[in-house]
Amino acid sequence: MTIPITGHTGFTGLLGSPVSHSISPMMHNESFRTLGLDYVYLCFDVKEEQLDTAVAGLRAAGIHGFNLTMPNKNRMVELCDQLSPAASLIGAVNTVVNRNGQLIGHNTDGIGFWRSAEEAGFSSPGKNITLMGMGGAATAIAVQAALDGVKELNIFARPTSRFWQRAIHLTDDMNKQTNCKVQLFEQQDTSLLKKCLDSSDILVNGTSVGMAPNTDASIIPDPSLLHPELTVADVIYNPRETLLLQQAKAVGCPVFNGMYMLLYQGAEAFRLWTGIDMPVEHIKECYFR
């Protein structure tokens, strides 16, 4: 069934640069088609210096909602009229809902990751988590975990990273604004990492270590730090099984990768725009097998 473009068609889209590689138009347009919804999703190649003008135009044109990818997620925070708790803490917006001319900013990246974790059999509330890294994806994962009721969150990052100072401030904000105990440690402290992993329910690699083409690297220097009761997750999905996940499987750990994080962050955006659940099983068959 093809849904024709009419004078009533609601439009949504993606703002970023580059965007031509994105799978989001296929995911959303196939979902609209499958559910018989009169919407369309388009890509707009918009650089950060063009974002203010582009957003003003889309607001005036009555866009129903839109996604943002690099380099526009941080700047969009300043252009929204309201922010969700996650977007406010993270300091980045990847989904906007236009509610009668008011732009409401959300960040669905963390929701996407933790929904993929649930599908893999791991439920985060009340658990202890060790998270590697504090870049964009890791920050979203950390914030959503704290908001969702994780008991303890131990973050390991490099003090030489450009994200280190932001990580310090975010750790303080999460401790003040949530009931989660959040601690930030230096990544090279292997003895402290072992102590945290011994008491953790899940280890999450939120860095790019192990991503193609550098597939011979692992964020965990010694596989003996892992234990069979520890679930191990990697935000990377190229390759689908990183060296870290290979190490974890050899120890007997349950594992999952970041492939469905993309699917479920998009599914949450779809729900925010339409009030209807994305047909995720169908979209998996189309684009994620």
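Quick summary incoming for the structure in this document. (Residues numbered from 1 in each chain as written. Predicted model: local features only at pLDDT ≥ 70, side-chain atom pairs only at ≥ 80, totals over all residues. Heavy atoms only, no water.)

### So, the overall build of the chain
Scanning the chain for helices and strands turns up 11 helices and 12 strands. Relative to its length of 289 residues, the chain is compact, with a C-alpha radius of gyration of 19 Å against a globular reference of 19 Å. Principal-axis analysis of the C-alpha atoms gives the chain an extent of 60 × 40 × 35 Å. For the chain, the residues scored as buried account for 52% of the 289 residues in total. In the chain, the share of contacts with a sequence separation of at least 24, taken over all contacts with a separation of at least 6, comes to 69%. Accessible area for the chain stands at about 12,900 Å²; split by element, carbon and sulfur atoms hold 51% of it. (Helix = DSSP H or I, 4+ residues; strand = E, 2+ residues; numbered from the N terminus. Rg over C-alpha atoms; globule rule 2.2 N^0.38 Å. Buried < 20%, exposed > 50% of the residue type's maximum accessible area, 1.4 Å probe, protein only. Contact = heavy atoms within 4.5 Å. Areas by Shrake-Rupley, 256 points an atom, 1.4 Å probe, with all protein chains shown as cover.)

### Focus: the sheet that holds strand E6 (residues 102–106)
Read from one edge to the other, the open sheet built from six strands follows the order E2-E1-E3-E5-E6-E4, with strand pairing classed as mixed. Because the sheet does not close on itself, it has two edges, and the strands there are strand E2 (39–45) and strand E4 (82–83). Bridge count for E4 against E6 is two bridges, and the pairing is parallel. Following the sheet pairing, Gln82 is matched in E6 by Ile104. Helix H1 (residues 24–35) contacts strand E1 (10–16), E2 and strand E3 (65–68) of the sheet and is inclined by roughly 170 degrees relative to E2. The strands touched by helix H10 (residues 259–274) are E1, E2, E3, strand E5 (95–99) and E6; relative to E5, the strand with the most contacts, the crossing angle is about 5 degrees. (Pairing = 2+ DSSP bridges. Axes fitted to C-alpha atoms, helices over the stretch in contact; angles between N-to-C directions.)

### Focus on the state of the cysteines
What the rule picks out here adds up to zero disulfides. No disulfide involves Cys43; its sulfur sits 17 Å from the nearest other cysteine sulfur, which is in Cys286. This cysteine, Cys253, is not joined by any disulfide, and Cys196 carries the nearest cysteine sulfur, 16 Å off. The class for Cys253 is buried, based on a relative accessible area of 6%. (Disulfide = S-S within 2.5 Å.)

### Let's talk about the sheet that holds strand E9 (residues 181–186)
Hydrogen bonds along the backbone pair up the strands of a sheet, which may run parallel or antiparallel. Across the sheet, which stays open at both edges, the six strands sit in the order E9-E8-E7-E10-E11-E12 with parallel pairing between neighbours. Of all the strands in the sheet, just E9 and strand E12 (255–256) have a single pairing partner and so form its edges. Two strands pair when backbone bridges link them, and strand E7 (residues 128–132) and strand E10 (residues 202–205) are joined in this way by four bridges, in the parallel orientation. Opposite Ile129, over in E10, you have Ile202 as the bridge partner.

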